[in-house]
Amino acid sequence: MARGKLRIYLGSAPGVGKTYAMLSEAHRRIERGTDCVVAFVEHHHRPRTEVMLHGLEQIPRKEIEYRGSVFTEMDVDAVLARRPRVALVDELPHTNIPGSRNAKRWQDVEELLAAGIDVISTVNIQHLESLGDVVESITGVRQQETVPDEVVRRAGQIELVDMSPEALRRRMAHGNIYRPDKVDAALANYFRPGNLTALRELALLWVADRVDEYLTEYRSEHRVSKIWGSRERIVVGLTGGPEGRTLIRRAARLAEKGAGGEVLAVYISRSDGLSAASPKELADQRTLVEDLGGTFHHVVGDDIPAALLDFARGVNATQVVLGVSRRRSWQYVLGPGVGATVAVESGPDLDVHLITHDEAGKGRGPGLPAARGARLGRSRVIRGWLVGVLGPALLTWLLTSTTPDVGLANDMLLFLTLTVAAALLGGLYPALASAVVGSLLLNWYFTPPVHTLTIADPKNIVAIAIFVGVAVSVASVVDLAARRTQQAARLRAESEILSFLAGNVLRGETGLEELLERVRETFGMESAALLERSGETAPWTCAGSVGPRPAAIPEDADVDVPVGDHMALSLSGRVLPAADRRVLAAFAAQAAVVLDRQRLQHEADRAKELAEGNRIRTALLAAVSHDLRTPLAGIKASVTSLRSDDVEWSPRDRAELLAAIEEGADRLDHLVGNLLDMSRLQTGTVTPIIRETDLDEVVPMALGGVPEDSVELDIPETLPMVAVDRGLLERAVANVVENAVKYSPPQEPVLVSASALADRVELRVVDRGPGVPDEAKDRIFEPFQRYGDAPRGVGVGLGLAVARGFAEAVGGTLHAEDTPGGGLTMVLTVRTAPSRERGAGLVASGECG
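Residue positions are given per chain, counting from 1 as you read along its sequence in written order. Totals for whole chains, interfaces and linings use every residue, but because this is a predicted model, local features are given only for residues with pLDDT of at least 70 and side-chain atom pairs only at 80 or more, for both listing and counting. Derived side-chain values reflect all non-hydrogen atoms in the structure, with water molecules and hydrogen atoms excluded from consideration.

Draft legend 1. Local environment of empty space enclosed by the protein. Lining residues are defined by having an atom within 4 Å of a point belonging to a cavity or pocket. Those points lie on a 1 Å grid over the protein atoms alone, cavities being sets where a 1.4 Å probe fits but cannot get out and pockets being open sets with protein on both sides within 12 Å along at least five of seven lines. Grid points are joined across faces, edges and corners, and a volume is the space filled by probe spheres set on the points. Overall, the coordinates contain 5 cavities of 30 Å³ or more when judged by the stated rule. Of the voids in this model, the second largest cavity is the one considered here, and its volume is about 90 Å³. As for the second largest cavity, its lining consists of K62, I64, E73, M74, D75, V76, D77, N96, S100, R101, N102 and D108. Put simply, the parts of the chain that give the lining of the second largest cavity at least two residues each are β4 (62-66) and α3 (76-82). All residues other than Ala, Val, Leu, Ile, Met, Phe, Trp, Tyr, Cys, Pro, Asp, Glu, Lys and Arg, Gly among them, are scored as polar; the first ten of these are nonpolar and the last four charged. Across the lining of the second largest cavity, the residue classes tally to 3 nonpolar, 3 polar and 6 charged. Secondary structure is summarised from DSSP: a helix means a run of H or I of at least four residues, a strand means a run of E of at least two, and numbering begins at the N terminus for each.

Draft legend 2. Representation of the nonpolar core in the model. Side-chain atoms within 4.5 Å are what join buried Ala, Val, Leu, Ile, Met, Phe, Trp, Tyr and Cys residues into a set we call a nonpolar core. For every residue, the accessible area obtained with a 1.4 Å probe (protein chains only) is divided by the maximum for its type, and the residue is called buried under 20%, exposed over 50%, and partly exposed between those limits. Formed by 62 residues in total, the largest nonpolar core has its most connected members in L88, L112, I125 and W206. Residue contributions to this core peak at 6 residues, all from helix α9 (residues 193-221). When sequence neighbours within four positions are dropped, the list of residues in contact with L88 reads M22, L23, A26, C36, V37, V38, A39, F40, V41, L56 and I120. Judged by nonpolar contacts, the second largest core, of 46 residues, contains V699, V737, V750 and V761. By definition in these notes, contact holds between two residues if any of their heavy atoms fall within 4.5 Å.

Draft legend 3. Examining the pattern of salt bridges more closely. Salt bridge, as applied in this entry: a Lys or Arg side-chain nitrogen positioned within 4 Å of an Asp or Glu carboxyl oxygen. Under the counting rule described, the total for this entry stands at 25 salt bridges. R7 serves as the salt-bridge partner of E159, at 2.6 Å between the closest nitrogen and oxygen. Highlighted residues: E159 in strand β8 (residues 157-161) and R7 in strand β1 (residues 6-11), separated in sequence by 152 residues. Note on R7: relative accessible area 13%, which makes it buried.

Draft legend 4. Structural context of the sheet that holds strand β7 (residues 118-124). Taken together, the 6 strands give an open sheet; going across it, the order is β3-β2-β6-β7-β1-β8, and neighbouring strands pair in parallel fashion. Only two strands of the sheet have a single partner each, and these edge strands are β3 (57-58) and β8. At least two DSSP bridges between two strands are needed for those strands to be called paired. Across 2 bridges, strand β2 (residues 36-40) lies against β3 in parallel orientation. Residue pairing across strands places V38 opposite Q58, the latter belonging to β3. Note on geometry: axes are lines fitted to C-alpha atoms, helical ones only across the stretch in contact, with angles between N-to-C directions running from 0 to 180 degrees. Packing of helix α4 (residues 105-114) onto the sheet brings it into contact with β1, β2, β6 (86-89) and β7, and relative to β6 it is tilted by some 180 degrees.

Draft legend 5. Here's a closer look at the sheet that holds strand β9 (residues 233-238). If you trace the 5 strands from one edge of the open sheet to the other, you get β11-β10-β9-β12-β13, paired in parallel fashion. Among the strands making up the open sheet, the edge pair consists of β11 (295-300) and β13 (351-355). Each strand axis lies, on average, 25 degrees off the axis of its neighbour in the sheet, ignoring direction. Pairing geometry for β9 and strand β12 (residues 319-323), over 3 bridges, is parallel. By the bridge assignment, V236 is partnered in β12 with V321. Those strands touched by helix α12 (residues 304-314) are β9, β10 (262-269), β11 and β12, and its axis lies near 150 degrees from that of β10.

Draft legend 6. Expanded view of the packing of helix α7 (residues 165-173) against helix α8 (residues 180-188). It is the contact of α7 with α8, at a shortest axis distance of 9 Å, that shows an interaxial angle of 155 degrees. Relative to α8, α7 is oriented roughly antiparallel. Contacts from R169, M172 and A173 in α7 reach V183, A186 and L187 in α8. In terms of residue class, the contact of α7 with α8 is made up of 5 nonpolar, no polar and 1 charged. Oblique is the label for any angle not under 35 degrees, not over 145, and not in the 65 to 115 range, which are roughly parallel, roughly antiparallel and roughly perpendicular in turn.

Have a look at this one:
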């Protein structure tokens, strides 16, 4: 049994007119002939609402005695026994009296829906369970009766009943909501203008969220690729510090203010694999951003501002959210910082938000400087050389010109301090240079005899030798520590990336293109391609690629990682260091696994299609055995009668027999045509030739098989041209129109109208027949389906299946809707032609090379 449909009228406060709107809808449905009853409606003695109950069938309520009093509730058993098409149930969050069938009224409604009964109900925004705390903070009143959000979200239709706070307060003052003795208290408390405005905003935002979900579903079902409206895409730059959670939450709030906002958190690590971030903090921030509906990205780049802006522009971001720098004031002498650089270089199309936080200006924490000190970047090496070479010269000038003689031992300690500083900044080679320069200056200026390279006292020779040895030893230790720290950090970064990659692949969350995009993004490449070939001498083919101009053969790529004997992962953009190839090899192996899985899934889908084809062919043979035999038998009987010499047929009888032969032949032609079309669709041999076409030329040609006065055309000449296969579109329209004429009353012509909407044209075929229930609207497009108890002689039930197949073959859609006032409307949507200068063929690109 098909589940019933739920429609909800949502309001921001009591008295906005939800129940009145629900009863108005009931009267409209009854006028259309729908079986609609009132299961439970509370009018609260409001005259206008009470009047709307007149003329509606009301199911008697069930009386329940509780604590000496008698209460009335909805009689679920009576509604199920009456079994109407639509039931009106007011106040969905209501709590039933103890002893009722269910604790909550929404649970009663679930039973009605499960029984196939459509339900129309009402809810106020303050009764949604997730908004309880928010409503309490606004109104000061805790709602005791609530309904789970999921119950309301599952509704097929949610209609907002809106009213301005001023109008609602006037309605309250006129006594149209509460009794006169309660009006003053209500206006002074719950119905204050501020409360009503806040509740109205909650309702509008909640419904807007549902509208966005409906729009996403519609675009997906109708394959609409063109962007409708603007969408905020916000990139959050993370450093791995504790302020990241503040930035993510602020970005999520910014995204909520826009239509369909999206949050992308990105952490940028240097190409050497070193990171000042805490792995645990990054993991927590990744979980937070995913819980808020965003995505987490890990990008490699030495120039953090440039990498961040490249990522933001690559994902078409509109805003960038960064935290105020944690650097102390004196550290700004080293540069303006990431935030200021991004703000200057962002350009006019990218807004940059600098968010304050508790960690601003406090430094990077006790555990981070050591990690940063081990990062031997280009700027640090340059500073190390400056300290190692110029530092001794400056120190010599100070010791010989401005300060008194402090002794050779102290002079050597000062030069040793410079050597250690050069080692800490630039590593081994700047320290060695500092030791050499320092020893020469000590010998020339401070070791007797001065201004000569000879040393008179052997003790001084030993001292200088010890100085050089200590300097070299310290530099070696510092350099070794830096390298070990670099290796450890690289391994940690590699393990994080591989863990994330393996988890996604094992869960089946990553397709080949997504994985290649992750590779391209992680290593900062322009393009990535997975190439394969069948043998050593066979040409390379592209299994998948992302980015512009991917390599067609491994030799053309900047980085080439083999996967087995006949597969390679090729990257273009820059040459990667050898240390990165280990992680890249893991990506390549996972890409091969993903490709194998996709192919296995494709084979499974093909097997499913073959099984479906076998089912279709079996049903086809069963249908042919009867539906083709019936018109053949009629033709045979008529021909035999005409050729008989035993009977003298009158002209009228001969005309009727000839008409029967013609009718049978037409039916055979129609059946065979549909059977052949369905066979072409099932075998995938329908090849559309897309050309620019005018609908007003195609549609009239499709009406040749229906009576002359049975169709009314409304095709404006101002419609844009459409990009379709003219023959396939004509067959699709013909089948849809013939189906509509078949079920439409003789005195009611079928209306065929067309209108332009954005980048597509809708052709609507409207009939006034019996209509089709919602649960059967998709089923009527399946092969061998006839509406109701239609006899088998009217066809094998392929007309609409063929029409939908042809519509999808030309890039369009075909679906059914209810006709207002009764009947069925078929909506055929096709794409408009991009321009009149465009050629007839459509070329698909995306190959490698």
